[in-house]
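Below, each chain spelled out in residue letters.
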Amino acid sequence: MRKYFYILLLILSSAWVFADSGEYARSLLTPTGITGTARYMGMSGAMAAIGGDMSATADNPASIGLYRRSEVSIAFDVKSNISRSNSNYNIWSGSLTSFSWLFHFRTNSNRQTGVLHQGLSFSYSRKEYDREEWKAYVVPPFSRREQTFHAYANSRIDDYSMDYGMNISNKVYLGAGMSLRTLNSLIESEVSDTIFDDTKISNLGFTIRGGVIYRPARWLRLGAAVHSPIWVSDMKRLPMRTVVGMAFQAREKGLVSVEYDYYHDGTHLTPDMHLLKAGGEYVFARNGFINAGYAFSFIDQRHYASLGFSWRSAYFVAGMAYQFSYSQQPKLLSFFPEHTFVQTDSAIKSITNRIVFTFAWRYGG
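Below, the discussion takes up the side chain of serine 80. Here serine 80 is to be found in strand β1 (residues 70-84). Aside from chain neighbours lying at most four places away, what touches serine 80 is Asn90, Ile91, Trp92, Ile351, Thr352 and Asn353.

Structure (structure tokens):
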């Protein structure tokens, strides 16, 4: 057992980060949406206690311990961003949501106790790709009279991850991982007939995580994970993330799962943040599954509702999910390249419709 824990220790001890803007490092901390595979999105991300899905690994790396075969997985999506303020805008976009390769290793096929399975994965995931446009009336800091603010924003957040997991006696699943996160954003703003310099944001961050899934009974799974702060070079302390989840399985007919994500910081640099998720899965055919879920983010007061379908066999997976999200709150709008912000007086409605497709090939065993 000792050598397996050495592998976990090696992953957890390999941490370094670079960044070029401490002011915007906090943008790396905020959950930017629920994205991933069709099954993960179909359940609104409530998979910390379920595992067996590469997107769930980003929440709880112990998810890898439930794999029994190697897997290559790819997911892509098409989405519509609708911004409603003083004018309505609808922007369509598409992107590669995730790509992963998991290598499975079976320790000993003749025993039922000890370390039975191990897995090592390398994955890329696009946490967010937003193209927004809005128009609102604001009072800028250099003027006392209301002016028309017209803005265009393009942002992209990508994760590059490596995760390791193990299965101990089909009861306890352990995992650890690390992620390199990049943030690139460009905001072009126009106030009345004056155009200001563009605001460009670029950051690089690093985080490590560890998690566990425990099956005290066949019908019950408990999951928990702790994520380190996303370290950046010129900020001393950033919030940690704690994930807890519980899933109930009804024999072979399906399951129900809940999850709570808590972003907490003892130095009060940023306020505590909360995210609640709930999802379910129903087996309607031998290899056919229906997923549904709901989530609410207290961070940006955003609601998520989703529905998904998938076909999963021992060697192939194909799935599709639809996600609707809605938020209405004031926007922080940039006026200067020095990163000065002003908030609109009226809320801007943000609506997103997203369809994701997933394909996976499993081999070995």
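Okay, back to it.
Together, Ile74, Phe76, Leu96, Phe99, Trp101, Phe103, Phe105, Phe122 and Phe359 line one region of the surface with nonpolar side chains, adding up to about 780 Å² of accessible area. When residues of the nonpolar patch are traced back to their parent elements, those giving at least two are β1 and β2 (88-106). Along the chain, phenylalanine 122 turns up in strand β3 (residues 115-138). What makes phenylalanine 122 partly exposed here is its relative accessible area of 39%.

Turning our attention to the layout of surface pockets. There is about 960 Å³ of room inside the second largest pocket. Around the second largest pocket, the lining is made up of 26 residues, and of these Arg39, Leu66, Arg221, Arg312 and Arg362 lie nearest the centre. Of all the secondary structure elements, the ones that give two or more residues to the lining of the second largest pocket are β10 (254-264) and β11 (273-283). When its residues are assigned to classes, the lining of the second largest pocket shows eight nonpolar, seven polar and eleven charged.

Overall, the coordinates contain nine aromatic pairs when judged by the stated rule. Centroid distance phenylalanine 76 to phenylalanine 359: 6.4 Å. Interplanar angle 25°. Geometry classified as stacked. One end of the pair, phenylalanine 76, is in strand β1; the other, phenylalanine 359, is in strand β17 (residues 348-363), with 283 residues separating them in the sequence. Take phenylalanine 359: its relative accessible area is 42%, and that puts it in the partly exposed class. A connected cluster of aromatic rings, assembled from ring pairs, spans Phe76, Phe357 and Phe359. The residue whose ring lies beneath arginine 69 is tyrosine 315, and the NZ or CZ to ring-centre distance is 4.5 Å.

Attention shifts here to the pattern of salt bridges. Oppositely charged side chains can form a pair if their charged atoms are brought close together. Under the definition given, this model contains 14 salt bridges. We note a salt bridge from aspartate 261 to arginine 241, for which the minimum N-O separation is 2.7 Å. Placement of aspartate 261 in strand β10 and of arginine 241 in strand β9 (residues 240-249) is noted, with a sequence separation of 20 residues between them. Like aspartate 261, the residue arginine 241 is buried in the burial classification. One salt-bridge network, in which partners are shared between bridges, spans Asp59, Arg241, Glu259, Asp261 and Lys277.

This part covers empty space enclosed by the protein. Under the defined criterion, the tally for this structure stands at five cavities of 30 Å³ or more. Looking at the second largest cavity, its volume works out to about 160 Å³. Around the second largest cavity, the lining comprises 17 residues; the ones closest to its centre are Thr37, Arg39, Asp53, Val317 and Thr358. Of all the secondary structure elements, the ones that give two or more residues to the lining of the second largest cavity are α2 (38-42), β1, β13 (302-312), β14 (316-329) and β17.

A few words on the nonpolar core. Counting residues in hydrophobic clusters, the biggest one holds eleven residues: Ile34, Tyr40, Met43, Met47, Ala49, Ile50, Ala56, Ala247, Leu255, Ala295 and Tyr304. When residues no more than four places from it in sequence are discounted, the contact partners of alanine 247 are Ala49, Ile50, Trp219, Leu220, Arg221, Val256 and Ser257.

Before going further, it helps to spend a moment on the confidence of the model for the protein chain. Summary statistics for the protein chain give a mean pLDDT of 80 and a share of 73% for residues scoring 70 or more. Below a pLDDT of 50 lies the segment residues 3-25, which in the model reaches 54 contacts outside its immediate sequence neighbourhood of four places, other chains included. Note on residues 333-343: pLDDT is under 50 here. Beyond four places in sequence and across chains, it has 40 contacts.

Take the environment of glutamate 128 next. If you trace the backbone, glutamate 128 turns up in strand β3. Overall, glutamate 128 belongs to the buried group, its relative accessible area being 8%. For glutamate 128 and serine 155, which are 27 residues apart along the polypeptide, the C-alpha to C-alpha distance reads 7.5 Å.

What follows is about the pairing of β10. With ten bridges connecting them, β9 and β10 associate as antiparallel partners. Residue pairing for β10: valine 243 is matched across the bridge by aspartate 261. Following β9, the chain reverses through four residues before pairing antiparallel with β10; arginine 251 in that reversal takes a positive phi of roughly 50°. As judged from the ten bridges shared by β10 and β11, these two strands associate in the antiparallel manner. The residue bridging tyrosine 260 from the neighbouring strand is leucine 276, located in β11.

Even without glycine at this site, serine 44 takes up a positive phi of about 55°. As for its placement among the helices and strands, serine 44 is situated in the loop between α2 and β1. At asparagine 170, a position not held by glycine, the phi torsion is positive, near 55°. Position of asparagine 170 relative to the elements: it lies in the loop between β4 (147-168) and β5 (172-191). Taking the relative accessible area as the measure of exposure, asparagine 170 reaches 18% and is therefore buried.

Below, the discussion takes up the pairing of β11. In terms of strand pairing, β11 meets strand β12 (residues 288-297) through nine bridges, oriented antiparallel. Looking at the pairing, leucine 276 lines up with phenylalanine 296 of β12. Counted between consecutive antiparallel strands, the loop separating β11 from β12 contains four residues.

Rules used throughout
- Each chain has its residues counted from 1, running along the sequence as written.
- In view of the model being predicted, local features appear only for residues whose pLDDT reaches at least 70, and side-chain atom pairs are presented and counted only at 80 or more, with totals across whole chains, interfaces and linings using the full set of residues.
- Side-chain metrics in this entry use all non-hydrogen atoms of the structure; hydrogen atoms and water are not considered.
- Helix and strand definitions here come from DSSP, where helices need a minimum of 4 consecutive H or I residues and strands a minimum of 2 consecutive E residues; each element is numbered from the N-terminal end.
- It only takes one pair of heavy atoms within 4.5 Å for two residues to be counted as in contact.
- Residues enter patches when they are more than 30% accessible in relative terms and free of salt bridges; like-charged ones are connected within 9 Å and nonpolar ones (Val, Leu, Ile, Met, Phe, Trp, Tyr) within 5 Å.
- Surface exposure here means Shrake-Rupley accessible area, sampled with a 1.4 Å probe, where a residue is shielded only by the protein chains that are shown.
- Salt bridge, as applied in this entry: a Lys or Arg side-chain nitrogen positioned within 4 Å of an Asp or Glu carboxyl oxygen.
- Think of it in three bands: with a 1.4 Å probe and only protein chains considered, a residue is buried below 20% of the maximum accessible area for its type, exposed above 50%, and partly exposed in between.
- Cavities and pockets were defined on a 1 Å grid built over protein atoms only: a cavity is a set of grid points that admits a 1.4 Å probe from which the probe cannot escape, a pocket is an open set flanked by protein on both sides within 12 Å along at least five of seven lines, and lining residues are those with an atom within 4 Å of any such point.
- Grid points are joined across faces, edges and corners, and a volume is the space filled by probe spheres set on the points.
- Residues are grouped as follows: Ala, Val, Leu, Ile, Met, Phe, Trp, Tyr, Cys and Pro are nonpolar; Asp, Glu, Lys and Arg are charged; all remaining types, including Gly, are polar.
- Between rings of Phe, Tyr and Trp, where Trp is taken as its six-membered ring, a pair exists when centres lie within 6.5 Å; planes separated by under 30 degrees are stacked, by over 60 edge-to-face, and by other angles tilted.
- When the NZ atom of lysine or the CZ atom of arginine is within 6 Å of a ring's centre and also within 35 degrees of its normal, the charge is said to sit over that ring.
- By nonpolar core is meant a set of buried Ala, Val, Leu, Ile, Met, Phe, Trp, Tyr and Cys residues that side-chain atoms within 4.5 Å join together.
- Along the chain, pLDDT gives the predictor's confidence residue by residue, from 0 to 100.
- Pairing between strands is defined by DSSP: at least two bridges between the two strands are required.

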